[in-house]
Amino acid sequence: MPKNGMLIRITLALAAAAVVSTLAVAGAGAAPAKSSGGSLTGAGSSLIAPAVAVWSQLYKNATINYAAIGSGGGIAQISARNVDFGASDAPLTKSQGDGCHGCVQIPWALTATSPVVNVPGVAADKLRLTGTVLANIYLGNVTQWNDPAIKQLNPGLKLPNTKITPVHRSDGSGDTYVFTNYLSKVNKTWKSKVGCATSVSWPTGVGGNKNDGVAAIVRSTPGTIGYVSVAYTIANHLSLARLKNAAGQYVLPTINTIEASAQLVKSAKIPANNKISITNPPKSKEYEHAYPLATFTYVIVPQSSPKAVQLKAFVTWALGSRAQSSIKRLVFAPMPSVVVKKAKSTLATIHS
Amino acid sequence: MSTVGATGEAARRPFPGRRARLGDVLLQGVAGLAALGAFVLICLIAYKVVDGSRLSLSTFGLGFLRHVGWDPVHNRLGGASFLFGTAATSLGALLLATPLAFGIALYLTELAPRWIRGPVTALVETLAAIPSVVIGLWGVIVLGPVLRDHVMPALHSTLGFIPLLGTPSATGTGIFTATFVLTIMILPIVSSISCELFLGVPAELKEAALGLGATRWEMVRGVVVPYARGGVAAAMILGLGRAVGEAIAVAQVIGGVDNLVSWNLFNGGNTLAGKIALEFQSSTSSLETSSLFYLALILLVFSLVMNVFAQVVVRRVARRQGLVAR
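What counts and what doesn't
Residues numbered from 1 in each chain as written. Chains lettered and ligands numbered in written order. Predicted model: local features only at pLDDT ≥ 70, side-chain atom pairs only at ≥ 80, totals over all residues. Helix = DSSP H or I, 4+ residues; strand = E, 2+ residues; numbered from the N terminus. Buried ≥ 20, exposed ≤ 12 C-beta atoms within 10 Å, placed from the backbone. Contact = placed C-beta atoms within 7 Å. Domains from an automatic or database assignment. Pairing = 2+ DSSP bridges. Axes fitted to C-alpha atoms, helices over the stretch in contact; angles between N-to-C directions. Left-handed = near helix turned anticlockwise from the far one by under 90°. Nonpolar A, V, L, I, M, F, W, Y, C, P; charged D, E, K, R; others polar. pLDDT = per-residue confidence, 0-100. Expected span 1.5 Å × (residues − 1). Arc of directions from axis to C-beta.

Quick word on the overall build of chain A
Across its full length, chain A holds 15 helices and 12 strands. Relative to its full complement of 352 residues, chain A shows a buried share of 51%. Here the contacts in chain A between residues at least 6 apart in sequence split such that 74% fall between residues at least 24 apart.

Encoded structure:
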């Protein structure tokens, strides 16, 4: 039968494809193998991934293997105890917390998600937006870039008569959590109609897969608005939108403005489960320069684990000033000391 | 059928009446176990998928198939938009890929000079080895913008009266782009199988046709195509199976719109496989996880129906030709 030749060739082609894709996956570091000896394996948030990459270079006491499979995936992996730690940008929900059987979440880095825009004729980082207008754009109520609502905020800009295309994450994501958390706080319709979660039912717009998917669409499409982790905006040369905070200032995400939002935890008491939301800090002199879309991101560890000693050592190190300042260039702001203190006291409760 | 049966029987027991040797027994056992393994694996997968989707099945029932939208915040989940996306993209890709693949196969087997044949065959098969995530990335960055800037506006302005070709997508992503990407992905499968089928046409028949004065086109139309028809149908179904199951490349270019079933192919959408790939890792509730299993169940049933359909088609065509199923 002539079929044999074809079968062999198809098998070879498939085998080649399998090998190439395995290599690609291995190259991306997404092989959450069981760790042994002096190594710790983690998985989860892609927002924290660049920071963990820097840390794993600096940290000498153990090898850190981290797979950026997304916050939800990280929670699933640590719930199944396939990894030593998980990482998530959204705090655990009630059912996730129950499903993880005695996990604790510890804030270990501070960064932000930021709206990025591609508006023809408008210089980079010049467009001003408010939370309300942002919500109305994503609700489909504001559909043109020269809408009076946007014009009013940007008297000096020449806004084109271009249709607005809102871009969102099509995968479940911590960035989506922060973004919808903020929109829920500033817009009642958003809160009741859409809500806040790692993936929501978007009233309008198109999706992009992961941060780079959204970045690629926004960069190549005039008229789009999206949201990506701050670290990605730098790498991708995207134009940011200035967001109006409650104090009335238009701010960009920088170390200083993110750090300013985090001052909110000083006045608010940190709950036992460490769930902290610092989006949209209230109107006050103290938060004059606060960026309203800042977020803590969490490491999730089992309260009882055979790797408890190593985990404690690594997370304590990550909370230290050397580790925290090493990721400043990725726009991770140093965490307030009160948060670090609380994180360390939670960390003290884990045992082998 | 009878001749094949007789030779098969003879091969299995080379010396009738004698006791089977150890090697024969081992061969029978090992091969049998391998076949059983495949069967058990399918059963386990099917069991796991049905078991996983139980909660969603009891909550939504068959209404899940009709509900458009995916709202995990308010627990309103449905599979209609994904079913539509899967059907539209995979059938569209098949429609585009089949004539192309047919052309490639005919050219390579009947028309191309010998020195072209090898390199081009290798290239077409290399296409199958490109990881889907790479094709997806290329789809977002290169193909999408090109389709958006040149192809979609042209189609809309000339054939815009067809509801399928409505207002072009602003971003270059959407059902149309996903269909294109899938076309590229199933092309090598359909074309290389077609190639082998055409090569399988007995040379005597072709030479006889040429000898009777048929032109090359008449020979292809009169001998090659009818002879290979059943196999080509099977090749198409294989390609369709690949298109239906593709997740990553599609997820990157389809636009991730879950609450839309629209005639305009330039709009965004999502597919069953794409939604599972995008959402499974980050599902936040047991009902959502279960509903993703439900989507997998739909996909499984869809593939099963298609496979059976393919078998029936191939067998019927083969019987009409008086041949045993290939």
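Some remarks on the domain arrangement of chain B
Segmentation of chain B into domains returns domain 1 (19-43) and domain 2 (53-320). Computed from C-alpha atoms alone, the centre-to-centre distance between domain 1 of chain B and domain 2 of chain B is 35 Å.

As for the sheet that holds strand β11 (residues 250-251) of chain A
Residues and elements named next belong to chain A. Strand order in the open sheet formed by three strands is β5-β10-β11, and the pairing between neighbours is mixed. Here the strands that pair on one side only, and so sit at the sheet edges, are β5 (128-129) and β11. Sheet analysis places strand β10 (residues 242-244) next to β11, joined by two bridges and oriented antiparallel. Bridging across to β11, Leu243 finds its partner in Val251.

Side note on the packing of helix α8 (residues 203-211) of chain B against helix α9 (residues 216-245) of chain B
For any two helices packed against each other, one specifies the crossing angle of their axes together with the interaxial distance. Residue and element names in this part refer to chain B. For the pair α8 and α9, the least separation of the axes is 10 Å and the interaxial angle reads 145°. In the packing of α8 onto α9, the handedness of the crossing is right-handed. Together, Leu205, Lys206, Ala209 and Leu210 of α8 and Met219, Gly222, Val223 and Val224 of α9 make up the contact between the two elements. Taken together, the residues that form the contact of α8 with α9 break down as six nonpolar, one polar and one charged.

What to know about the interface of chain B and chain A
Contact with chain B, which involves 39 residues of that partner, is made by 44 residues of chain A. Residue assignment for the side of chain B that touches chain A shows that the elements contributing at least two residues are β1 (70-71), α5 (114-129), α6 (132-159), α7 (175-199), α10 (248-253) and α11 (272-279) of chain B. Of the residues in the side of chain B that touches chain A, the class split is 16 nonpolar, 18 polar and five charged.

So, the confidence of the model for chain A
Interpretation of the predicted coordinates at a detailed level should be avoided for regions scoring low in pLDDT. When pLDDT is averaged across chain A, the result is 86; 89% of the residues are at 70 or more. Predicted confidence is poor over residues 19-37 of chain A, with pLDDT under 50, and the contacts of this stretch with residues over four places away or in other chains come to 24 contacts.

Some details on the domain arrangement of chain A
Residues and elements named next belong to chain A. The assigned domain composition of chain A is domain 1 (5-110 + 296-347) and domain 2 (114-259). Taken together, the contact between domain 1 and domain 2 spans 17 residues of the former and 18 residues of the latter. Partitioning the side of domain 1 that touches domain 2 into residue classes produces eight nonpolar, seven polar and two charged.

Here we look at the pairing of strand β6 (residues 165-169) of chain A
Residue and element names in this part refer to chain A. In terms of residue burial, β6 counts as a mostly covered element, since five of its five residues are buried. Where burial is concerned, the two faces of β6 agree: the one with Thr165, Val167 and Arg169 and the one with Pro166 and His168 are both buried. Note: β6 against strand β8 (residues 224-229), two bridges, orientation parallel. Its bridge partner lying in β8, Pro166 is registered against Ile225. Pairing between β6 and strand β7 (residues 206-208): three bridges, direction parallel. Looking at β7, one finds that His168 is bridged to Gly207.

Overview of the environment of B:Leu260
Residue and element names in this part refer to chain B. Mapped onto the secondary structure, Leu260 falls in the loop between α10 and α11. When the 19 C-beta atoms within 10 Å are taken as the criterion, Leu260 is described as partly exposed. In this structure the C-alpha to C-alpha distance between Leu260 and Leu83, which are 177 residues apart in sequence, comes to 11 Å.

Details of unusual backbone geometry
Here A:Lys210, not a glycine, exhibits a phi torsion of approximately 65°, which is positive. Checked against the element boundaries, A:Lys210 lands in helix α9 (residues 210-220).

Describing the environment of B:Pro145
Considering the arrangement of structural elements, one finds B:Pro145 in helix α6. On the neighbour-count criterion, B:Pro145 (18 C-beta atoms within 10 Å) is partly exposed. Residues B:Pro145 and B:Phe84, 61 residues apart in the sequence, show an inter-C-alpha distance of 24 Å. Setting aside residues no more than four positions away along its own chain, B:Pro145 makes contact with A:Ser220 and B:Gly172.

Considering helix α13 (residues 308-319) of chain A
Counting along an α-helix, one turn takes 3.6 residues, and residues three or four places apart therefore face a common direction. Residues and elements named next belong to chain A. Look at α13: 16 Å from first C-alpha to last across 12 residues, which is about the 16 Å you get at 1.5 Å a residue. Every buried residue of α13 is listed here: Leu311, Phe314, Val315, Ala318 and Leu319. Each buried residue of α13 sits inside an arc of 135° when the element is viewed along its axis, so together they form one side.

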